[in-house]
Amino acid sequence: MPNIDLFAKEKEQRSKLRTSDPATQYMIDYVEGLGMDTVFTRQKRYEESFMGIFPKTGRCDFGSMGICCRQCLMGPCRVWHKDVGLPLRINTPNQSRGTCGATADTIVARNWLVFHARGCAAHSTTCKDTAETLLKTARGETTYELKDKAKLKAVAGKLGFNGGASDAELAEKIALTVLSDVMGKPDGESNKDGMAFANAYLPPKVVARLKELEIMPTSSFEDLADADHQAAIGMMADPYYFIMQSLKVGVADMMALAMTTEIHDILLGTPSPVPTKIGINVVDEKQINIAMHGHIPTLCEKLIEHSQTKEFQDKVALVGAEGINIVGLCCTGAEVLQRHQIPLAGNNLQEDLLIATGVVDAFIMDVQCSYPSTHNMAENFHTKVITTMKDARVPMADHIPFKAEKADEWAKQALELAINNFAKRPGKSHIPPHEPKDAIAGFSVEACVNVLSKLDAENPLKPLIDNIVAGNIYGVCLVAGCTSPKLATDEAYNVIAKELLSKNVLIVGTGCAAGSCGRGGMLDIKATEQYAGEKLKAVLQALGEAAGLGAPLPPVWHLGSCVDNSRAVSLTSALAVALDTEIKDLPVVVSAAEAVTEKSVSIGSGAVALGFPVHIAVVPPIVGSATVVKLLTEDMKELTGGCYIVDPDPKTAAKTLLDHITQRRKGLGLSVL
Ligand code: BF8
């Protein structure tokens with residue numbers, strides 16, 4: 001059970017090193033040498049100044065443990081906890097309840113639910129915007145196309161829209177279904193059987209369990225409103241129901257991801273494996289560098305399209321540049337990586353460092369996960385920060401509002417701005433000398449099935465199931481989520497991947513975690529020879545040969561952005577259906593070791609609700625309630641079959657994840673190590 005000692009373990013991890021990526025460390029040193037701050041600098045400063053006051057956690061002990069309540073104007077209240085210890089240098093009443101009477105259990109569980117509501121709101125709003133783009137495209141109001149018709153028909157088929165309709169009609173029906181799943185129905189019926197996508201996409205046994213536990217989501221916005229209502233003062237006080245609502249919101253979030261992924265594929269194409277590069281120095285001194293950051297790939301699609309036209313190539317030549325070099329960051333980075341082979345410059349911890357190279361002419365952001373560190377850093381360099389969405393404005397930025405109906409005009413304006421800014425570059429640049437890593441990305445479910453079908457055209461899942469049964473693939477671990485300066489950044493995902501690969505566990509990755517693996521060289525086919533166990537190596541070799549690569553597949557499969565966590569759920573669901581079982585029985589585990597955002601918390605709980613064990617290495621603010629800790633790490637195994645595992649040490653965490661895989665294999669009657 002997690003306890004206060006976990007904070008010491010967390011500290012031990014971050015004090016080893018700040019990042020395992022040499023190019024990132026090189027840029028941190030450079031920026032700090034200029035007397036400027038990075039995310040890493042500020043993390044260290046917090047640690048140093050708070051250690052004197054709060055030796056247990058290095059941050060505020062109350063906040064770290066989740067026993068600080070700021071929900072109403074009587075507060076804030078900090079309730080006493082045996083592990084906080086007294087006396088403190090600050091005045092805290094020796095009291096185990098807030099002014100209103102709320103206990104630590106209530107406060108911790110309520111704070112935890114509020115995290116989920118924000119995370120799910122972010123994904124659901126993006127999903128709504130994406131569905132509106134599909135709807136407008138179906139109605140001929142945008143210049144996007146229904147690029148992947150096969151995917152369109154497959155999604156329509158899953159939702160039960162068969163026969164006779166045109167592609168545009170199918171797209172409209174899908175878009176309206178998604179909008180109803182996100183926003184609910186206004187007729188009082190309120191999707192009462194649960195979200196259409198959840199019913200269509202999750203294994204029937206999982207759907208039945210969610211309904212039995214009363215955590216089947218009805219629609220994102222309704223479930224979010226319920227969560228906020230429950231969290232209001234004078235409402236819910238029972239930690240169990242707070243936690244169950246957090247799972248319900250988590251499943252709603254997971255479905256928002258699934259819907260968004262499907263629409264991205266329909267509009268932009270379903271990815272298939274492609275070679276690309278990952279690292280800060282994918283920027284090019286001689287070209288106009290445009291960094292794309294965010295979560296709305298329809299936006300960068302148009303920028304990429306127009307950057308290749310003669311009109312803009314001529315404009316580039318006029319300012320003396322050799323071309324336009326678009327690089328990606330975070331989830332937008334993962335989206336353009338898998339569909340356009342555009343190199344990944346980094347995650348959000350590399351944003352300000354990238355700007356400090358002095359060669360980024362425009363930094364374009366849409367929504368989510370861009371830290372203020374970025375625009376603060378841009379003020380010191382020539383980089384133009386371009387914001388695009390009403391919900392994510394930042395000071396001093398050039399705001400060019402993006403609308404799907406006017407996407408072409410938007411792209412042209414953004415390109416003009418970047419090209420004109422090239423002339424304002426400072427004379428000196430500072431690009432790290434470290435070569436970017438080779439990587440393969442684009443493992444959509446369809447791409448995986450396509451490769452597997454080369455081995456068994458009739459039943460493509462059979463080779464995968466056979467290899468799992470035989471122990472050649474001992475299990476599967478999804479590494480997902482963010483990167484955090486609270487640990488040795490990038491280290492946890494790479495250590496966990498290496499430990500598990502050596503035991504023949506296949507690793508799949510999404511979002512910033514996949515980027516971490518890329519910086520660690522784990523998305524490269526060369527890593528297969530180096531890190532995979534012998535049995536897994538043979539499988540990856542056979543699949544690589546079947547795919548016509550003449551080489552093995554990489555040992556970590558990059559599934560895409562964070563919304564593409566849904567691809568992992570789809571693949572696992574397909575396995576569960578094929579084996580007529582539940583996700584909770586399959587040897588599939590998750591690590592979101594370096595989770596940072598509210599989004600990663602709500603996805604994590606969605607995964608726990610569906611039956612996955614989910615590891616996190618950063619200590620979540622739940623330690624102040626033994627009840628909540630027990631619910632999430634122990635009791636949940638009986639309820640959903642999933643659970644949270646908290647362990648800052650990636651080596652011991654990998655062992656625990658392996659134990660979970662072994663237990664599940666035993667449950668299925670399969671061979672174990
Ligand atoms: O959604 S992994 S820091 S970029 S939240 Fe954000 Fe975390 Fe990165 Fe995309 Ni996901």
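Residues numbered from 1 in each chain as written. Predicted model: local features only at pLDDT ≥ 70, side-chain atom pairs only at ≥ 80, totals over all residues. Heavy atoms only, no water.

Enquirer: Please clarify how the pattern of salt bridges should be interpreted in this entry.
Expert: When charged atoms on two side chains of opposite charge get close, those side chains can pair. One pass over the structure, following the stated rule, counts 44 salt bridges. Where Arg 118 meets Glu 598, a salt bridge forms, and the shortest distance between an N and an O atom there is 2.7 Å. Taken together, the residues span a long stretch of sequence, with Arg 118 in helix H5 (residues 104-138) and Glu 598 in helix H25 (residues 598-610) at a distance of 480 residues. Overall, the relative accessible area of 27% leaves Glu 598 in the partly exposed class. Of the charged contacts in the structure, one is a salt bridge between Lys 315 and Glu 311, with a shortest N-O distance of 3.9 Å. Placement of both Lys 315 and Glu 311 in helix H13 (residues 310-318) is noted, with a separation of four residues, approximately one turn of the helix. Lys 315 gets classed as partly exposed once you look at its relative accessible area, which sits at 25%. Ionic contacts of the salt-bridge type, sharing partners, join the residues Lys 151, Glu 262, Asp 265, Glu 335, Arg 339, Glu 446, Asp 564 and Arg 567 into one network. (Salt bridge = Lys/Arg side-chain N within 4 Å of Asp/Glu carboxyl O. Helix = DSSP H or I, 4+ residues; strand = E, 2+ residues; numbered from the N terminus. Buried < 20%, exposed > 50% of the residue type's maximum accessible area, 1.4 Å probe, protein only.)

Enquirer: How should I be thinking about the pairing of strand E8 (residues 384-387) in this particular structure?
Expert: Each regular strand shows side chains that alternate between the opposite faces of the sheet. As paired elements, strand E7 (residues 360-365) and E8 share four bridges and run parallel to each other. Bridge pairing links Ile 364 to Ile 386 in E8. Note that the unit made of E7, helix H16 (residues 372-378) and E8 has a crossover that is right-handed. One ladder, built from two bridges, connects E8 with strand E9 (residues 398-399); its direction is parallel. Paired with Ile 386 across the two strands is Asp 398, which belongs to E9. (Pairing = 2+ DSSP bridges. Right-handed = clockwise from strand over helix to strand, strands pointing away.)

Enquirer: What is the right way to read the site of the ligand from this model?
Expert: Neighbouring the ligand are His 295, Cys 330, Cys 331, Asn 348, Cys 369, Gly 481, Cys 482, Cys 512, Cys 562, Thr 597 and Lys 599. His 295 has a polar side-chain atom sitting 3.0 Å from an oxygen atom of the ligand. Per-class residue counts for the shell around the ligand are six nonpolar, four polar and one charged. (Near = heavy atom within 4 Å. Polar contact = N/O pair within 3.5 Å; in protein donor to acceptor, adjacent residues only side chain to side chain. Nonpolar A, V, L, I, M, F, W, Y, C, P; charged D, E, K, R; others polar.)

Enquirer: Can you help me understand the coordination of the nickel atom of the ligand in this one?
Expert: Metal coordination angles in their ideal form are 109.5 degrees for the four-donor tetrahedron and 90 or 180 degrees for the six-donor octahedron. Inspection of the coordination sphere of the nickel atom of the ligand shows a single protein donor, Cys 562 (SG), at 2.3 Å. Residue placement: Cys 562 occurs in the loop between strand E13 (556-560) and helix H24 (565-578). (Donors = N, O, S within 2.8 Å, 3.2 Å for Na, K, Ca; no water.)

Enquirer: Explain helix H3 (residues 39-50) here, please?
Expert: Three- or four-residue spacings in an α-helix give side chains the same orientation, since the helix completes a turn every 3.6 residues. If you check H3, its first and last C-alpha atoms are 17 Å apart, about what 12 residues at 1.5 Å a residue would give, namely 16 Å. On the buried face of H3, the contacting elements are helix H1 (5-16), helix H2 (22-33), helix H15 (351-355) and H16. N-cap assignment for H3: the residue whose side-chain oxygen lies 3.1 Å from the backbone N of Phe 40 is Thr 38. (Expected span 1.5 Å × (residues − 1). Contact = heavy atoms within 4.5 Å.)

Enquirer: How should the pairing of strand E11 (residues 475-479) be read in this particular structure?
Expert: Within E11, five of the five residues are buried, leaving the element largely enclosed by the surrounding structure. Along E11, one buried face is formed by Gly 475, Cys 477 and Val 479 and the opposite face, lined by Val 476 and Leu 478, is buried too. Where E11 lies against strand E12 (residues 505-510), five bridges are found, and the strand directions are parallel. Bridging from a neighbouring strand, Val 479 pairs with Gly 509 of E12. On the question of chirality, the crossover connecting E11 to the parallel E12 by way of helix H20 (residues 491-501) is right-handed. Here E11 pairs with strand E14 (residues 588-591) via four bridges, running parallel. Looking across to E14, one finds that Val 479 is bridged to Ser 591.

Enquirer: Looking at this model, I keep getting lost on the nonpolar core. Mind explaining?
Expert: Nonpolar side chains in soluble globular proteins tend to end up buried together. With 187 residues, the main nonpolar core has Ile 174, Ile 290, Trp 557 and Leu 610 as its most contacted residues. Per-element accounting of this core gives the leading share, 16 residues, to helix H11 (residues 239-268). Beyond its immediate chain neighbours, meaning those up to four positions away, Leu 610 contacts Leu 202, Val 206, Leu 210, Val 251, Met 254, Val 569, Ile 583 and Lys 584. (Core = buried A, V, L, I, M, F, W, Y, C linked by side-chain atoms within 4.5 Å.)

Enquirer: I tried to follow the environment of Lys 637 on my own but got confused; where do I start?
Expert: For Lys 637, the location among the structural elements is in helix H26 (residues 626-639). Counting along the chain gives 29 residues from Lys 637 to Val 608, while the straight-line C-alpha distance between them is 8.9 Å. If we ignore the near neighbours within four places in the chain, the residues touching Lys 637 are Gly 642, Cys 643 and His 660.

Enquirer: Sorry, what's going on with the environment of Ser 64 here?
Expert: By the element assignment, Ser 64 lies in helix H4 (residues 61-65). Put simply, Ser 64 and Phe 7 are 57 residues apart on the chain and 8.9 Å apart in space, counted from C-alpha to C-alpha. Excluding residues that lie within four positions of it along the chain, Ser 64 makes contacts with Phe 7, Thr 57, Arg 59, Pro 620 and Pro 621. Within the local environment of Ser 64, its side chain forms a polar contact with the backbone oxygen of Cys 60, the two atoms lying 2.7 Å apart.

Enquirer: Looking at this model, I keep getting lost on the packing of H5 against helix H7 (residues 167-183). Mind explaining?
Expert: For any two helices packed against each other, the geometry comes down to the angle between their axes and how far apart the axes lie. Viewed as axis vectors pointing N to C, H5 and H7 meet at an angle of 155°, and their least axial separation amounts to 8 Å. Here H5 lies roughly antiparallel to H7, going by the angle between them. Every pair of crossing elements has a handedness; the one defined by H5 and H7 is left-handed. Residues Ser 124, Cys 127, Lys 128, Ala 131, Glu 132, Leu 134, Leu 135 and Ala 138 of H5 lie in contact with H7, whose contacting residues are Ala 168, Ala 171, Glu 172, Ile 174, Ala 175, Leu 176, Val 178, Leu 179, Val 182 and Met 183. Residues that form the contact of H5 with H7 fall into these classes: 14 nonpolar, one polar and three charged. (Axes fitted to C-alpha atoms, helices over the stretch in contact; angles between N-to-C directions. Parallel < 35°, antiparallel > 145°, perpendicular 65-115°, else oblique. Left-handed = near helix turned anticlockwise from the far one by under 90°.)

Enquirer: What exactly am I supposed to notice about helix H21 (residues 511-519) here?
Expert: Burial within H21 is extensive, with nine of its nine residues counted as buried. Burial in H21 covers these residues: Gly 511, Cys 512, Ala 513, Ala 514, Gly 515, Ser 516, Cys 517, Gly 518 and Arg 519. Once H21 ends, the next one or two residues include Gly 521, with phi positive near 80°.

Enquirer: What is the right way to read the packing of aromatic side chains from this model?
Expert: To describe a pair of aromatic rings, one takes the distance between the centres and the angle between the planes. Scanning the model with the defined rule gives six aromatic pairs in all. Ring geometry for Trp 112 versus Phe 115: centroids 6.0 Å apart, planes at 80°, classification edge-to-face. Of this pair, Trp 112 and Phe 115 both sit in helix H5, separated by three residues, roughly a single helical turn. What makes Trp 112 buried here is its relative accessible area of 3%. Taking the relative accessible area as the measure of exposure, Phe 115 reaches 25% and is therefore partly exposed. Residues Phe 443 and Trp 557 carry aromatic rings whose centres are separated by 5.0 Å and whose planes lie at 10° to one another, so their mutual orientation is stacked. Of this pair, Phe 443 sits in the loop between strand E10 (437-441) and helix H18 (445-453) while Trp 557 sits in strand E13, placing them 114 residues apart in sequence. Grouping residues by exposure puts Phe 443 and Trp 557 together as buried. Joined through ring pairs, the aromatic side chains of Trp 112, Phe 115 and Tyr 644 make up one cluster. (Phe/Tyr/Trp six-rings, centres within 6.5 Å; stacked < 30°, edge-to-face > 60°.)

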